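# Notes for the structure review
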Amino acid sequence: MCPEPQDLPGDDPEVGRWLRERLPRHPAPPQLRAAVRRVLMPEEGKPRWRWAWLAPSVAALATAMLMVMWMATGLPVIGSVDPIQQISRAVVTEHARMLSWAQREPDVVPAALPRVMEESGVILNWVFTGDEQIRLVNAQPTYVEGHRGMSLGYMDRDGHAVTYVIVPSGGVPLPEQGRVQIDRWRPLIRRENGFSLIVWKDKGLLCVLVSALVSEDDVARLKEYFVKVRSQTELSPVF
Amino acid sequence: MSPEEEFRQEALQHLDALHNLAVYLTRNGSEAQDLVQETYVRAMRFSHRFERGTHLRAWLFQILRNTFLTFYRLREREPALSEDGVPAGGAPMFHDAPDQDGASTEVHTDLERALARLPEEFKTPLLLAEVEGFPLEDVARIMDCPVGTVKSRIFRAKERMREYLKDYGQERKA
């Protein structure tokens, strides 16, 4: 029953007592307890991780082999190779891999990030975990063009997958052509095999946002996502 | 047991209390879980900064609050503080109904509704002091403000809680 006005606590200690005695407590649910245990005691889960990483490792190996085969056939035709194009194609492959292999586990992503950072060599001081439009659903170490990196998988509310790939830039310059002003940045926008890519550099790392969002409206949406990840993710500089 | 293991074991003991505060701060179950996980990730990453022998519980709550302010508060879109530091409008109702009888559920609902209307600056010290039992000095450290400010905020928070509860009581009576 709701308290009558005259029954309401009349002084400070009374309010405190009400809070202590009547405010429901929310203990941690079992899945959170398990996730926190993985953060605090990662060694407990080591045997499982070994098997969990078998499939992605095989996929990465297969991707690498396909890339080698593709490059072997493509090189004579292409002549001089555009490094950004190479990276773009590799990133599209990585995006496809994320779509086909990766499990979407938004609940365990924050807990998995330290391990992913350790394995990828990419350190994130801050990371955009999502908002009402788009949400971080996966994080994986990756290999792009022989560089260790990190892939962050996002899913927007309409079910579009967006992958944010971060790898060491290896001194690859970003051409001026194709750059567009988005908010306060001027990244490169590319189209590759039916995918849209936004490419930029941040603290010595090459960052690529890739998605199948290709129509004019969709690219505008991808630009919005770029602003979110660009402004709310802080990378640690690579020396 | 090594100091690291001790640190981890002790950190785990505060999980329920951290989750409880996270629920009342975020008013969203999944965000509360994210917030708690992120708190532990940060605690592990910066465990070298923790001074052994000091209050781990207060340190974890401080990380949780700072993480909340950094990542989640923008989403909260709390109304701007008015002159007395308390917004005039009501916040959306939040309630995970406990498995208890109807009468006490109603009281719980009103308490939660009243608490939800408090801005974070008032809600956090009130919960830390009254529900978690932190001494005012620790609350001040967690909130990164003087003890006098903490006292004043707790006083005002209680004052406002009384008003809200009175309003709800009158609403039901009418």
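All of these numbers come straight from a predicted model, not from anything done at the bench.

### Thoughts on the overall build of chain A
Of regular secondary structure, chain A possesses seven helices and eight strands. A buried classification covers 31% of the 239 residues belonging to chain A. The contacts in chain A between residues at least 6 apart in sequence include a share of 60% that link residues at least 24 apart.

### A look at the overall build of chain B
Counting secondary structure elements, chain B contains eight helices and zero strands. Sequence-ordered secondary structure for chain B, helices as α and strands as β, is α-α-α-α-α-α-α-α. Out of the 174 residues belonging to chain B, those deemed buried represent 40%. Within chain B, contacts between residues at least 6 apart in sequence are counted, and of these 64% link residues at least 24 apart.

### Notes on the sheet that holds strand S2 (residues 134-144) of chain A
All names here are of chain A. Pairing is antiparallel in the open sheet, where six strands are placed in the order S2-S3-S4-S7-S6-S5. Two strands close off the open sheet at either side, each with one partner strand: S2 and strand S5 (188-192). The average undirected angle you get between the axes of adjacent strands in this sheet is 20 degrees. Sheet topology note: the S5/strand S6 (residues 195-202) ladder contains five bridges and is antiparallel. Bridged to Glu192 within S6 is Phe195. Sheet contacts for helix H6 (residues 109-120): S2 and strand S3 (147-156); angle to S2, the most-contacted strand, approximately 20 degrees. Against the sheet, helix H7 (residues 216-232) engages S2, strand S4 (161-168), S6 and strand S7 (205-211), with an angle of about 145 degrees to S7.

### Observations regarding the pairing of S4(A)
All names here are of chain A. Of all the eight residues making up S4, seven are buried; the element is thus mostly covered by neighbouring parts of the structure. Bridge count for S3 against S4 is six bridges, and the pairing is antiparallel. If you follow Met155 over to S4, its bridge partner there is Ala161. Hairpin remark: S3 followed by S4, antiparallel, with four residues in the connecting loop; positive phi at Gly159, about 85 degrees.

### Re the confidence of the model for chain B
Residues and elements named next belong to chain B. Confidence along chain B averages 77 in pLDDT terms, with 75% of residues attaining 70 or more. At the level of individual helices and strands, chain B shows its lowest average pLDDT in helix H5 (residues 102-117), which scores 69, and its highest in helix H6 (residues 120-131), which scores 95. Note that pLDDT drops below 50 for residues 75-107; the model gives that stretch 45 contacts with residues more than four away or on any other chain. In the predicted assembly, ipTM is 0.79 and pTM is 0.49.

### Digging into the environment of A:Gly149
All names here are of chain A. Tracing the backbone shows Gly149 in strand S3. In this structure Gly149 comes out as buried when scored by C-beta crowding, with 23 C-beta atoms within 10 Å. In this structure the C-alpha to C-alpha distance between Gly149 and Pro168, which are 19 residues apart in sequence, comes to 7.1 Å.

### Topic: the packing of H6(A) against helix H3 (residues 29-45) of chain B
Across the interface, H6(A) lies against H3(B) with an axial gap of 8 Å and an inter-helix angle of 25 degrees. Considering the angle they form, H6(A) stands roughly parallel to H3(B). Judged by residue contacts, A:Pro110, A:Ala111, A:Leu113 and A:Pro114 of H6(A) engage B:Asp34, B:Gln37, B:Glu38, B:Val41, B:Met44 and B:Arg45 from H3(B). Taken together, the residues of the contact of H6(A) with H3(B) break down into six nonpolar, one polar and three charged.

### With respect to unusual backbone geometry
Backbone geometry places A:Asn193, a non-glycine residue, at a positive phi of 50 degrees. The residue A:Asn193 is located in the loop between S5 and S6 in this model. Classification of A:Asn193 by C-beta neighbours within 10 Å gives exposed; the count is 10. The backbone of B:Asp144 shows a phi angle near 55 degrees, a positive value even though the residue is not glycine. Here B:Asp144 lies in the loop between helix H7 (136-143) and helix H8 (147-173).

### Here's the deal with the pairing of S2(A)
Look at any regular strand and the pattern is simple: side chains alternate between the two faces of the sheet. All names here are of chain A. Extensive coverage of S2 is indicated by the burial of nine of its eleven residues. Taken together, the ten bridges between S2 and S3 define a ladder with antiparallel strand orientation. In the strand pairing of S3, Thr142 is matched with Gly149. The antiparallel hairpin formed by S2 and S3 contains two residues in its connecting segment, where Glu145 sits at a positive phi of about 50 degrees.

Criteria and cut-off values
- Residues numbered from 1 in each chain as written.
- Chains lettered and ligands numbered in written order.
- Predicted model: local features only at pLDDT ≥ 70, side-chain atom pairs only at ≥ 80, totals over all residues.
- Helix = DSSP H or I, 4+ residues; strand = E, 2+ residues; numbered from the N terminus.
- Buried ≥ 20, exposed ≤ 12 C-beta atoms within 10 Å, placed from the backbone.
- Contact = placed C-beta atoms within 7 Å.
- Pairing = 2+ DSSP bridges.
- Axes fitted to C-alpha atoms, helices over the stretch in contact; angles between N-to-C directions.
- pLDDT = per-residue confidence, 0-100.
- Parallel < 35°, antiparallel > 145°, perpendicular 65-115°, else oblique.
- Nonpolar A, V, L, I, M, F, W, Y, C, P; charged D, E, K, R; others polar.

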